[in-house]
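Overview (structure and organization)
Next come the chains, spelled out residue by residue.
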Amino acid sequence: MKKLAVAALILSSFSGSLWAHEAGEFFIRAGSATARPTEGSDNVLGSLGGFNVDNNTQLGLTFTYMATDNVGVELLAATPFRHKVGTGPTGDIATVHHLPPSLMAQWYFGDANSKVRPYVGAGVNYTTFFDESFNDTGKAAGLSDLSLKDSWGAAGQVGLDYLINRDWLINMSVWYMDIDTEVKFKAGGVQQNVDTRLDPWVFMFSAGYRF
Ligand code: NI
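Residues numbered from 1 in each chain as written. Predicted model: local features only at pLDDT ≥ 70, side-chain atom pairs only at ≥ 80, totals over all residues. Heavy atoms only, no water.

Regarding its fold elements, the chain presents two helices and 15 strands. In terms of overall dimensions, the chain is more spread out than a globule: its C-alpha atoms have a radius of gyration of 22 Å, far above the 17 Å expected for 211 residues. Across its three principal directions, the C-alpha atoms of the chain cover 90 × 25 × 20 Å. Split into buried and exposed, the 211 residues of the chain put 39% on the buried side. (Helix = DSSP H or I, 4+ residues; strand = E, 2+ residues; numbered from the N terminus. Rg over C-alpha atoms; globule rule 2.2 N^0.38 Å. Buried < 20%, exposed > 50% of the residue type's maximum accessible area, 1.4 Å probe, protein only.)

Right, here's the structure in full:
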C-alpha cells in the first residue's frame, strides 16, 4: 500500500513536469494569423475620405522562451501580409505588403502542472512596409511613387495554450498592435502625405511544438 502511494506520488509529479510550460523551456507555434485593420486616415486628396484596408491571413510563427514557470518572452513573425488599399469612391487603388514582428513579455497563469495556460502579454511592434504599388486604377488616376513609413508601436495580446502531451500544444491568441504610418505618394506629380493608422487586431490559431 505504501509502495503504491509512493508510486502515485512519483507518477503525479512526473506527469506534472511532463505536461506543462516550465522555466527554461522553448517552444514554437505555427498557424494562421489573420490581420484585421481598424484603419482610418486623414482625408485623401481632399474629397475621397479615409483609406480602407482589407483583411489578410498569413502563416504566423511565434518563438517563446519561458524564463520562469510563469514568465515568457515571445517573438512573433509571419509571412508578409498583403493588403489592398482604397477609398470609398475609388475602390482599391493600391497593394501594400508589410511584416509586423513583435517582441512580447508574457505572464502565464496557472503553474507548471497546468495543462491549460491562459496568458497575457505586452510589448513592442515594429512594422516595415514594402512592395507598395498602385494598381491600374490608381495609375490611371495619375497616382505614383507610393511608399509607407515604417512604424514602431505598442502591442498587447491574450492567449491560451492547451497542452496535449509533452511535445504538442494547441493555441489561440488575439493581438492588438498600434501601427501608424504616413502614406506618401504623388498625385499628378504633386507630393501627398496622408497620416494613416492600421491598428489591427490579429487572430492566431496555431499548433505548438515544445523542445
Ligand atoms: Ni494607432
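That covers the picture; the talk isn't over yet.
Our focus in this paragraph is the coordination of the nickel ion. Within the protein, the atoms that donate to the nickel ion are Asp 178 (OD), Asp 180 (OD), Asp 180 (OD), Asp 199 (OD) and Asp 199 (OD), at distances of 2.0 to 2.7 Å. We note that the donor set of the nickel ion lies within a single chain, spaced as D-x1-D-x18-D. Placement of Asp 180 in strand E13 (residues 180-187) and of Asp 199 in the loop between strand E14 (190-197) and strand E15 (201-210) is noted, with a sequence separation of 19 residues between them. Of the residues examined, Asp 199 reaches a relative accessible area of 8% and is grouped as buried. (Donors = N, O, S within 2.8 Å, 3.2 Å for Na, K, Ca; no water.)

With 29 residues, the main nonpolar core has Phe 51, Phe 134, Leu 146, Trp 175, Met 177, Val 183 and Phe 185 as its most contacted residues. Looking at this core, the elements with two or more residues in it are strand E1 (26-36), strand E6 (81-87), strand E7 (91-99), strand E9 (116-134), strand E10 (143-148), strand E12 (168-177), E13 and E15. Phe 27, Tyr 108, Tyr 119 and Leu 169 belong to the second largest nonpolar core, which has seven residues in total. (Core = buried A, V, L, I, M, F, W, Y, C linked by side-chain atoms within 4.5 Å.)

Let us now look at the packing of aromatic side chains. Following the criterion strictly, the structure yields seven aromatic pairs and no others. Summarising the aromatic geometry, the rings of Tyr 108 and Tyr 119 are spaced 4.7 Å apart at their centres and angled 35 degrees between planes, so their arrangement reads as tilted. Residue Tyr 108 is found in strand E8 (residues 102-108), and its partner Tyr 119 is found in strand E9; the two are separated by 11 residues along the sequence. Each of the two residues, Tyr 108 as well as Tyr 119, counts as buried. The structure contains a cluster of three or more aromatic residues connected by ring pairs, namely Phe 26, Trp 168, Tyr 209 and Phe 211. (Phe/Tyr/Trp six-rings, centres within 6.5 Å; stacked < 30°, edge-to-face > 60°.)

We now examine the sheet that holds E13. One open sheet holds the four strands; their spatial order is E2-E14-E13-E10, and the pairing between them is antiparallel. Strands with a single pairing partner mark the edges of an open sheet, and in this sheet they are strand E2 (40-41) and E10. In the sheet, E10 pairs with E13 via four bridges, with the strands oriented antiparallel. Note on E13: the bridge partner recorded for Leu 143 is Ala 187. (Pairing = 2+ DSSP bridges.)

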